[in-house]
Amino acid sequence: MCTSSPTIKNRNGWTIMEIVIATAIFCGIVFLTMSVNMMVQKNAARLSKGVDAQLDLALLDRDLSADLDSITPSLGNLKVKDLNGNDFFEYFGGPTSPNSPNANRETVLELSATGTMVFEFIMELATAGSARNFAPAQAYSYALNPGSLITPASLSYNGVNAKSFFTNHFSNHWEAKGHFLLYSPGLVPDLASGKPIEDAPSRFYSILGISTGTDLTPDTLSGLFNDSHPTITGKTIRSIDEYLRFLPALGGAMTQVVVVPVQVVRYRFEPDQSGVTGRLFRGVRSANGYEQERLIGANIRQVRFRRPRVSSRRLEFQIQLGGATN
């Protein structure tokens, strides 16, 4: 009789081989899950970084656009130099001579870690009120001399707010000791520059003042504001009284003055430790300097400002972040 050996089976669990195979499958699933999860996290981080950069760019673009849309008071008044050493705000109000080197010149200024660090300009402040015409006679009192037909009447300066012009029209800005730009409405060729009239830049005869609560005190922005008289060589305007007395006549008529409430703004670029990117700060000038400074952008490589022509009142800008451009 033939007999066969009995086969022993583990009826209560898995064989070692089954455990090894199951463990390998489980480890494979865990590894695949971790790989997919890491990939998703990297993509999410990359996407989040891109979204953050675009959001930063959009906010910075909004802030700069709001400022630079109102930059007209800077034209012809500020001695800011561009990349080539030319006046960034030089302005030609009319057609230039075809032979003029300025006819189609663009001006470019850049803020970066390796270039210019500061850009200052004057902007209209619409929230403080709209531009108003000011009659210079409001700042003076007259004393007639009836006993003489030869001796003229004496003229005494009493201040631009002597007749409450500023407190009536710009009360909040005046009391806040804000800046005001006074200018004659007609463009005047800058003959004092020594250039031929067809090549001489145009200027609005202007003065920048800051309210003291009783009068305006001229603010030359530490020499940045052009306070020279455009038609009288060597003449510097040092006071509001002097400014009003030397108003250029237009067509033989007494010139009115336009008063605009303004802000003087400074963009300051502060490089970070990399020496490649940096932060951009915006400050507003007061009687004590730029005290109201706030951060408006970070991780910035460069901010480029451009006027396409010297006859243009438009100012373009381009922002480059660590890896994004607008």
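Residues numbered from 1 in each chain as written. Predicted model: local features only at pLDDT ≥ 70, side-chain atom pairs only at ≥ 80, totals over all residues. Heavy atoms only, no water.

Give me the lowdown on the overall build of the chain, citing residues and values where you can.
Of regular secondary structure, the chain possesses four helices and 13 strands. For the chain, with 326 residues in total, the buried portion stands at 39%. Counting only contacts in the chain whose residues sit at least 6 apart along the sequence, the fraction spanning at least 24 positions is 63%. (Helix = DSSP H or I, 4+ residues; strand = E, 2+ residues; numbered from the N terminus. Buried < 20%, exposed > 50% of the residue type's maximum accessible area, 1.4 Å probe, protein only. Contact = heavy atoms within 4.5 Å.)

Provide a residue-level description of the environment of F165, including the pertinent values.
With respect to the secondary-structure elements, F165 resides in helix α2 (residues 165-169). With relative accessibility at 6%, the residue F165 sits in the buried group. Setting aside chain neighbours within four positions, we find F165 in contact with R132, N133, F134, Q138, V160, F170 and V259.

Can you lay out the confidence of the model for the chain for me, pointing to particular residues and giving the numbers?
Averaged over every residue, the pLDDT of the chain is 84; residues scoring 70 or more account for 81%. Taking the mean pLDDT of every element in the chain, the minimum, 70, falls on helix α1 (residues 16-68) and the maximum, 97, on strand β8 (residues 216-218). (pLDDT = per-residue confidence, 0-100.)

So what about the environment of V265? Which residues, and what values?
One can find V265 in strand β9 (residues 257-271). Sequence separation between V265 and E293 is 28 residues; the distance between their C-alpha atoms is 9.6 Å. V265 has contacts with D67, F119, E120, F121, M123, R282, G283 and Y290, leaving out every residue within four places of it along the chain.

If you had to explain the nonpolar core to someone new, which residues and values would you point to?
Counting 39 residues, the largest nonpolar core has L64, F89, F119, F121, Y267 and F305 as its most contacted members. Of all the elements in the fold, those that place two or more residues in this core are α1, β1 (107-112), β2 (118-124), β9, β12 (294-307) and β13 (316-321). It is β9 that contributes the most residues to this core, seven residues altogether. In contact with F119, not counting residues within four places along its chain, are V80, F88, F89, L109, L111, V265, R266, Y267, F305 and L315. Ranked by size, the runner-up nonpolar core spans 20 residues in total, among them W174, F180, I237 and V257. (Core = buried A, V, L, I, M, F, W, Y, C linked by side-chain atoms within 4.5 Å.)

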